[in-house]
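# Structural overview for review
Now for the letters of each chain:
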Amino acid sequence: MATVAIIGSGAVGLFYGSQLVQAGHEVRFWLRRDLERIRAQGLTVHSHGSPDVAGLVAPGRHLPAGRFRACASAAECLQGAALDWVVVAVKTTQLADILPALALLCADARTRVVAMCNGIGIEERLVPTVGAHRLFAALAHVCLERRADGSVEHQAHGKLLLGHARDERGPLAQLADLVADAGIACYQVGSLREARWRKLVWNLPYNGLSVVFGRDGWDTQRIMADVEGRSLVRALMEEVIQVANADLAASGAAAAIALSWCDEMLARTTGMGAYRTSTLRDWRAGAPCEIESLFAEPVARAARLGVAAPHMAMLLTVLRSRMP
């Protein structure tokens, strides 16, 4: 069994961490919000179930506090057996702040790191701290929300795309074994850069438009029901793919994303129901939004590569105008 520390125990960290706990792994959640509540009452995941997540059926599951450790600091996460894995599931707005703690958690050269952060340019920010040889990514295609009582609501999906910072297959198989053992559907990607762009094809349009539409923002169902909204989603997706393919070519990657990926992402969204994106929830709560990694960096790369991306640039401008 593996020993895993999770930095950023929000909805994503708690959800996937609960699967690792259920599989018998030793999991240490570094919590800020709801620390004492979860220490005392345990962790609850509400779910209707998903074919992507084995063993998770309606109405969900409750893990008693004794099944895992809720920690208040990185130092507390280090108490006990050495860490095999450190999962970084913080918002990218917090990434710079946690780097000193990440260095502490990874002092043992055998400890490996899995980034579950959204956006472009994540590995470039983490490599100086942990090194590329032991840096992985797990990109979640999932609909989750943290409830006010500290529990997690799972609405749909759950599959993980797994990659390695150097695109090395051998080390990646070790992460795939851990994830599959926990009953989580996963796919090992040959190009992590491609996988990040594939996820951004969904993230950029829906996260962005969910904030700019309406006075209080729109959920995905409302965006999809609006003819102009759906058309704009498609236009943004196609622009992201154009920038992605230029970036992949510039990096020397042989991979390319077909426009048919837009159709798959649109179909997945139709089955989500009324999902409120993470950017919409952050914006409504007055919390910092992941503008740089999800929107600004892709637009900057388009400019550097000479790819016209007018819809992406306009979305970024409007988003910034709506930030507190």
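A short tour of the structure in this document, coming up. Here the residue numbering is sequential within each chain, running from 1 through the sequence in written order. Two thresholds apply to this predicted model, a pLDDT of at least 70 for residue-level local features and 80 or more for giving and counting side-chain atom pairs, whereas whole-chain, interface and lining totals are computed over all residues. For the side-chain quantities, the full set of heavy atoms in the structure was used; hydrogens and water were omitted.

## Focus: the packing of aromatic side chains
Stacked, tilted and edge-to-face are the three classes applied to pairs of Phe, Tyr and Trp rings, where Trp contributes its six-membered ring and a pair requires centres within 6.5 Å; stacked means planes under 30 degrees apart, edge-to-face means over 60, and tilted covers the rest. Following the criterion strictly, the structure yields five aromatic pairs and no others. Ring geometry for Phe-15 against Tyr-16: centres 5.0 Å apart, planes inclined by 85 degrees, an arrangement best described as edge-to-face. Each member of the pair, Phe-15 as well as Tyr-16, is classed as buried. One cation-aromatic arrangement involves Arg-32 over Trp-30; the distance from NZ or CZ to the ring centre is 5.5 Å. Between the NZ or CZ atom of Arg-198 and the centre of the ring of Trp-261, over which it lies, the distance is 4.6 Å. The classification of residues rests on relative accessible area computed with a 1.4 Å probe and restricted to protein chains. Under 20% of the type maximum is buried, over 50% is exposed, and intermediate values are partly exposed. The criterion is that NZ of a Lys, or CZ of an Arg, lies within 6 Å of the ring centre and within 35 degrees of the ring normal, and then a charge sits over that ring.

## Points about the pattern of salt bridges
The term salt bridge refers to a pairing of a side-chain nitrogen on Lys or Arg with a carboxyl oxygen on Asp or Glu at a separation within 4 Å. The full count for this structure, using the stated rule, is 23 salt bridges. Notably, a salt bridge pairs Asp-247 with Arg-301, separated by 3.3 Å at the nearest N-O pair. Of this pair, Asp-247 sits in helix α9 (residues 227-250) while Arg-301 is found in helix α12 (residues 291-305), placing the two residues 54 residues apart along the sequence. Shared partners join several salt bridges into a network, and the residues in it are Glu-124, Arg-193, Asp-247, Glu-297, Arg-301 and Arg-304. Every helix listed is a DSSP run of H or I at least four residues long, and every strand listed is a run of E at least two residues long, numbered separately from the N terminus.

## Here we look at the side chain of Arg-134
Locating Arg-134 in the fold gives a position in the loop between α5 (122-130) and β10 (135-146). Look at Arg-134: it is buried, it has no salt bridge, and the nearest opposite charge is Asp-108 at 6.3 Å. Any pair of residues with heavy atoms lying within 4.5 Å of one another is described as a contacting pair. Those residues in contact with Arg-134, other than ones at most four positions away along the chain, are Cys-106, Asp-108, Ala-109, Thr-111, Arg-112, Val-113 and His-164. Residues scored as charged are limited to Lys and Arg (positive) and Asp and Glu (negative), so that His and the chain ends carry no count.

## A few points about the packing of helix α7 (residues 192-212) against α9
Structural elements are reduced to axes, namely lines fitted to C-alpha atoms, with helices fitted over the stretch in contact, and the angle between N-to-C directions of any two is expressed from 0 to 180 degrees. In the contact formed by α7 and α9, the axes pass within 9 Å of each other and the chain directions differ by 155 degrees. In terms of orientation, α7 lies roughly antiparallel with respect to α9. In the crossing of α7 with α9, the sense of the turn from one axis to the other is right-handed. In this structure, α7 uses Arg-193, Glu-194, Trp-197, Leu-200, Val-201, Leu-204, Pro-205, Tyr-206 and Leu-209 to contact α9, whose residues at the interface are Gly-229, Leu-232, Val-233, Leu-236, Met-237, Val-240, Ile-241, Val-243, Ala-244, Asp-247 and Leu-248. Residues were grouped as follows: Ala, Val, Leu, Ile, Met, Phe, Trp, Tyr, Cys and Pro as nonpolar; Asp, Glu, Lys and Arg as charged; and all remaining residues, including Gly, as polar. Among the residues making up the contact of α7 with α9, the classes are represented as 16 nonpolar, one polar and three charged. Convention used here: angles under 35 degrees read as roughly parallel, angles over 145 as roughly antiparallel, angles from 65 to 115 as roughly perpendicular, and any remaining angle as oblique. If you view the pair so one helix is near and one far, a crossing is left-handed when the near helix is turned anticlockwise from the far one by less than a right angle, and right-handed when it is turned clockwise.

## Considering the pairing of strand β2 (residues 26-30)
The element β2 is largely enclosed, with a buried count of four among its five residues. At least two bridges found by DSSP between two strands are what make those strands a pair. Inspection of the sheet shows strand β1 (residues 3-7) paired to β2 by five bridges, in the parallel sense. Across the sheet, Thr-3 pairs through a bridge with Glu-26, a residue of β2. Look down the strands so they point away from you; if the path from the first strand over the helix to the second goes clockwise, the crossover is right-handed. The handedness of the β1 to β2 crossover, carried by helix α1 (residues 11-22), is right-handed. Bridge count between β2 and strand β7 (residues 69-71): three bridges; the pairing is parallel. Bridge assignment links Trp-30 to a residue of β7, and that residue is Cys-71.

## What to know about the environment of Tyr-206
You can see Tyr-206 is positioned in helix α7. A residue is classified by how much of its surface remains accessible, and Tyr-206, at 0% relative accessible area, is buried. Along the backbone, Tyr-206 and Thr-279 are 73 residues apart, and their C-alpha atoms lie at a distance of 9.0 Å. Sequence-distant contacts of Tyr-206, that is, excluding residues within four places in its chain, are made with Thr-220, Ile-223, Met-224, Val-233, Met-237, Leu-266, Thr-269 and Thr-277.

## A word on unusual backbone geometry
Residues Ala-58 and Pro-59 are joined by a peptide bond in cis, for which omega reads 0 degrees. Notably, His-157 is not glycine yet its phi reads approximately 65 degrees, a positive angle. Inspection of the secondary structure puts His-157 in strand β11 (residues 152-164). Despite not being glycine, Asp-167 has its phi angle at roughly 60 degrees, a positive value. Mapped onto the fold, Asp-167 is located in the loop between β11 and α6 (169-181).

## Focus: the pairing of strand β6 (residues 60-63)
The alternating pattern of β6 places Arg-61 and Leu-63 on a buried face, while none of Gly-60 and His-62, on the opposite face, is buried. In the sheet, strand β3 (residues 43-47) pairs with β6 via four bridges, with the strands oriented antiparallel. Looking at the pairing, Thr-44 lines up with His-62 of β6.

## Quick look at the side chain of Glu-145
Among the structural elements, Glu-145 can be located in strand β10. At 2.3 Å, the side chain of Glu-145 and the side chain of Arg-276 are in polar contact. Beyond its immediate sequence surroundings of up to four residues, Glu-145 is in contact with Ala-11, Ser-151, Val-152, Glu-153, Gln-155, Arg-276 and Arg-281. We call two N or O atoms a polar contact when they sit within 3.5 Å, provided that within protein one can donate a hydrogen and the other can accept it, with sequence-adjacent residues counted only if both atoms are side-chain atoms.

## Comments concerning the packing of α7 against α12
In contact at an axis separation of 10 Å, α7 and α12 are set at 120 degrees when each is read in the N-to-C sense. Taken together, α7 and α12 sit at an angle that is classed as oblique. Here the hand of the crossing between α7 and α12 comes out left-handed. Contacts between α7 and α12 involve Arg-193, Trp-197, Leu-200, Asn-203, Leu-204, Asn-207 and Gly-208 on the former and, on the latter, Leu-294, Phe-295, Pro-298 and Arg-301. Broken down by class, the residue content of the contact of α7 with α12 amounts to six nonpolar, three polar and two charged.

The values are spatial; any link to function lies outside them.
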